[in-house]
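Next come the chains, spelled out residue by residue.
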Amino acid sequence: MLRLIQSIPSFRDIHNMASCDIMNHKFVFFAAIISIYISLGCSDRIHKKVYVDFNVVGACFRRLNATQEIGCASSRGGDVGVVHYVETKDDLNWLINHGPHKPYVVVLPQKNFNMQFLKNLTESGKVNGILLTNANHSVGHIPEGFSPDHSCPNDRYGLYKGNSEYGSCKKTAWNKYGTGMAFMNFKMAVMALSNQSEVDFLINDCYRRFNEPIVNKNGTITPRDFPLCAAEVKTAMDGAGDTPTCIRRSNHITNLNADRYCDPLGDNNIFTTMKTVNKSSVERQEKSVIVVATRLDSFSMFDQMAPGADSVVTGVVTVLAAAQAIGKVKSDILDSGSKDIMFSFFQGEAYDYIGSSRMVYEMEKDFFPQKISSDWDGLANINLTHISEFIEVSQVGFPENGKLWLHTDPVSQADSAVAKQTNDLITKMKAEGNSLKVTIGTPAQQGLPPASFQSFLKKHNISGAVLTDHEGIFTNKYYNSRLDLAEMLRLRYPAGMSEADKYNYVTDIAKRLTNVATVVARTLYKRATNKSSKIEADSKTVANLLYCYLIRVNCELVQTVIETKQDKFLKVIEKQQDPVNLYVSVEKSSNGSTLITRSLLAYFTSDVVVNATKDSCKMPDNNQIYNYFWIRGNLEANSTSKRIPVCLRSLTNYSVAVSPAFEIKDYDWKSGLYSSWTESVWAVDAMSARVFLIPSQKQKTVTLSVGVITLLVVMLLVYFVNGRAEILFRKVL
């Protein structure tokens, strides 16, 4: 309204009339005030009457690699379509063959979120977006199995690429329910609604009230007439094309263009050793380090929805519990005749082994854990020849027929020395399992399942095995998906139990993982010291870890181990009632799961510095080996807020988990040597969803006509007032 008034010349003429100058100023000022009040005070209420905004948490976004772009993106301003609920195949067929109100925004229940439905919808040319009802995970609302990853995950960058016998999962297609959906390019917005009340509103108050076709007595279906309920969905992405193109555009920064269009996927690996072998001491001997590893990331198609219950968390919890058990007896491992043990957590493994390939790259260059200058006296570097054995803990949540399985690589086993040491490792691990009633089998030669160990074997023959819950096909039916949840892992608590009691409750899955962690810890101790031990993982710790990773990240254990300087992170998680998000994210962002896991590993394997203060809890000038952590500590007795800070001296550290492709100068993107994944940048307001009513074409025409007539009447009225201003505003103050 204010813009309209200011655009009419007659008001400027009135302003210049000396005879009514004062009154004119009052008139214009009054009009401006009214206009501002309407635009600022009423527009918000009008918006709320017209639109119902949804809280978009899980939107599909765009990622890129060396050759393509994948994921989802709408047009820059968003796309609009009539809402249609596709509950059955008949609903789908009606929309495609008879739906008269295209374009549509389809509401899709989880059980129908599959390749066949998506293919039919995207190829119809009638769909502008998809809203997935992700709120209800109860039985009957989810498919029997679902994975957006490939049936042969990470195969292009694995050990068996091009291998005629084991390549492309010729022996075993590990991920039976893999669709590859997450690696397709959907040129529309696809969102998962996480709020049940919003889902109910969308289906009942929007679709069923206004849009649901009428089924006649004779069985024919009549589409509804206007007004219709429509949705506007927006996922506007900046990155496009492929990684080389996007990186080149981002690097071409001028004063007129300082924007990034995509960022490399990546974060940090986490590792710790038991021995303090520094550069100035005796150098590491060949085959003197045992590596125990697991992956730290999962993914799904949707932002903030990467729970990774079995895909990741069971392995992480098992290795952390084993590290705690070893940490209690690490003095035995410090003996000069013992082998060192390195615990490693790799980030970005779901995207072509980002973290493990970077560690191997640095080991080959003698950069791990860092480039060492002549005056540096920190931890001695570790390279591939130093690794004696490699034990990887993968998915261990669903033991197949009550058994766990140790997978080995048949290619490296051609080396008799490697084969002998691997067989000895398996024998010892099975024996430890038998003592705890944990049955461990060895499958027939079929190649390794997707595992970080493959990155190491690509460069060097190493004895080792991958511990899983499956002999062949994954027992996890929701691998790398938003449905790989605590509920699917059967992490269940008695009805009515408080959150505080859930935190300490030792569930059946916690008991099983405690036994697995004990088997791993005893095997590590035996292989490192050549002595037996009855060390045990702590079941309460395992219960706490499962709760923190899968139920609520803002748990007591996390609150205890986080450093006091991490106030910003603590403020973020204090408001969260959600599990840890395990998506790797991009190198420029701080990943909460990495920070939490590093703090936990340090807490379980460190030495407490007695009588330390916050100021004294730091590395001495003459020591370049340890990291010092001033953590928040446990709650004081009878207190719910005051904590007793503790100083930890630890060998726990980060190493870079960004693909070497972004490190190597003039890297050949077509070589396929290293992962090349990037994530598109998007603006703060790039993702949104809202619904509103759209009128018929007739009503639109009437509304436009009334608006035009009103405008003409107002212009005539202004013209009349302008011509008679001296008479109408004759009174002088």
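Residues numbered from 1 in each chain as written. Predicted model: local features only at pLDDT ≥ 70, side-chain atom pairs only at ≥ 80, totals over all residues. Heavy atoms only, no water.

Engineer: Just checking my understanding: could you explain the overall build of the protein for this structure?
Structural biologist: Looking only at helices and strands, the protein has 20 helices and 26 strands in total. Within the protein, contacts between residues separated by at least 24 positions form 78% of all contacts whose residues are at least 6 apart in sequence. Carbon and sulfur atoms make up 52% of the accessible area of the protein, which totals about 33900 Å². (Helix = DSSP H or I, 4+ residues; strand = E, 2+ residues; numbered from the N terminus. Contact = heavy atoms within 4.5 Å. Areas by Shrake-Rupley, 256 points an atom, 1.4 Å probe, with all protein chains shown as cover.)

Engineer: Looking at this structure, how should I read the packing of aromatic side chains?
Structural biologist: Each aromatic ring pair is specified by the distance between its two centres and by the angle formed by the two planes. Across all of its chains, the model carries 25 aromatic pairs by this definition. On the basis of an interplanar angle of 55 degrees and a centroid distance of 5.8 Å, the ring pair of Phe-183 and Trp-677 is categorised as tilted. You can see Phe-183 sitting in the loop between strand 7 (127-133) and strand 8 (185-186) and its partner Trp-677 sitting in the loop between strand 24 (653-658) and strand 25 (678-680), a full 494 residues away along the chain. Taken as a pair, Phe-183 and Trp-677 share a single burial class, namely buried. A centroid spacing of 5.8 Å and a plane angle of 80 degrees characterise the contact between Tyr-503 and Tyr-547, whose relative ring orientation is edge-to-face. Taken together, the positions of Tyr-503 in helix 13 (residues 499-504) and Tyr-547 in helix 15 (residues 539-550) put the pair 44 residues apart, joining distant regions of the chain. Residue Tyr-503 shares its accessibility class with Tyr-547, and that shared class is buried. (Phe/Tyr/Trp six-rings, centres within 6.5 Å; stacked < 30°, edge-to-face > 60°. Buried < 20%, exposed > 50% of the residue type's maximum accessible area, 1.4 Å probe, protein only.)

Engineer: Mind showing me how you'd approach the packing of helix 14 (residues 508-529) against helix 15 here?
Structural biologist: Between two packed helices, the angle of one axis relative to the other and the distance separating the axes together describe the packing. Where helix 14 contacts helix 15, the two axes come as close as 9 Å, and the packing angle between them is 120 degrees. One way to sum up the angle between helix 14 and helix 15 is to call them oblique. Two packed elements cross with a definite hand, and for helix 14 against helix 15 that hand is right-handed. Across the interface between the two elements, Ile-509, Ala-510, Leu-513 and Thr-514 of helix 14 pack against Ser-539, Val-542, Ala-543 and Leu-546 of helix 15. Counted by class, the contact of helix 14 with helix 15 contains 6 nonpolar, 2 polar and no charged residues. (Axes fitted to C-alpha atoms, helices over the stretch in contact; angles between N-to-C directions. Parallel < 35°, antiparallel > 145°, perpendicular 65-115°, else oblique. Left-handed = near helix turned anticlockwise from the far one by under 90°. Nonpolar A, V, L, I, M, F, W, Y, C, P; charged D, E, K, R; others polar.)

Engineer: Explain the sheet that holds strand 13 (residues 262-264) to me, please; I cannot follow it from the model alone.
Structural biologist: Pairing between the strands of a sheet comes from backbone hydrogen bonds, and it takes one of two forms, parallel or antiparallel. Spatially, the 5 strands line up as an open sheet ordered 8-4-3-25-13, and their pairing is mixed. This sheet does not close on itself; its edge strands, each paired only once, are strand 8 and strand 13. Sheet topology note: the strand 13/strand 25 ladder contains 3 bridges and is antiparallel. Looking at the pairing, Cys-262 lines up with Ser-680 of strand 25. Contacts from helix 7 (residues 243-251) reach strand 3 (63-64), strand 13 and strand 25, with the element oriented near 110 degrees to strand 13. (Pairing = 2+ DSSP bridges.)

Engineer: Whenever I open this one, the nonpolar core confuses me. Can you help?
Structural biologist: One recurring pattern in soluble globular proteins: nonpolar side chains tend to sit buried together. Ile-326, Phe-343, Leu-546 and Tyr-549 are the most contacted members of the largest nonpolar core, which has 79 residues in total. Broken down by element, the residue count for this core peaks at 12 residues, all from helix 8 (residues 309-327). With 73 residues, the next largest nonpolar core counts Leu-95, Tyr-207, Phe-210 and Met-301 among its residues. (Core = buried A, V, L, I, M, F, W, Y, C linked by side-chain atoms within 4.5 Å.)

Engineer: Teacher, can you tell me more about the environment of Cys-647 here?
Structural biologist: Inspection of the secondary structure assignment puts Cys-647 in strand 23 (residues 646-650). Leaving out residues up to four positions away in the same chain, Cys-647 has contacts with Asp-607, Val-608, Val-609, Ala-612, Cys-617, Tyr-628, Phe-629 and Trp-630.

Engineer: Even after reading the chapter, I still don't get the pattern of salt bridges, so can you show me in this structure?
Structural biologist: Any two side chains of opposite charge can pair, so long as their charged atoms come close to each other. Enumeration according to the criterion identifies 21 salt bridges in this entry. Across the pair Arg-260 and Asp-263 runs a salt bridge whose closest N-O atoms are separated by 2.7 Å. In this structure Asp-263 comes out as buried when scored by relative accessible area, which is 5%. Between Glu-536 and Arg-522 there is a salt bridge, with the nearest N and O atoms lying 3.8 Å from each other. (Salt bridge = Lys/Arg side-chain N within 4 Å of Asp/Glu carboxyl O.)

Engineer: Mind showing me how you'd approach the sheet that holds strand 5 (residues 79-85) here?
Structural biologist: Spatially, the 8 strands line up as an open sheet ordered 1-26-12-5-6-7-9-2, and their pairing is mixed. The open sheet has two edge strands, strand 1 (52-54) and strand 2 (58-59), and neither has a second partner. Pairing analysis gives 4 bridges linking strand 5 to strand 6 (residues 104-109), with the strands arranged parallel. Each residue of the ladder has a partner; that of His-84, found in strand 6, is Val-106. Where helix 4 (residues 89-97) meets the sheet, it contacts strand 5, strand 6 and strand 7, and its direction lies at approximately 140 degrees from that of strand 5. Along the sheet, helix 6 (residues 196-211) makes contact with strand 1, strand 5, strand 6, strand 7, strand 9 (189-193), strand 12 (228-235) and strand 26 (687-694), crossing strand 5 at roughly 85 degrees.

Don't take any of this as a statement about function, it's just geometry.
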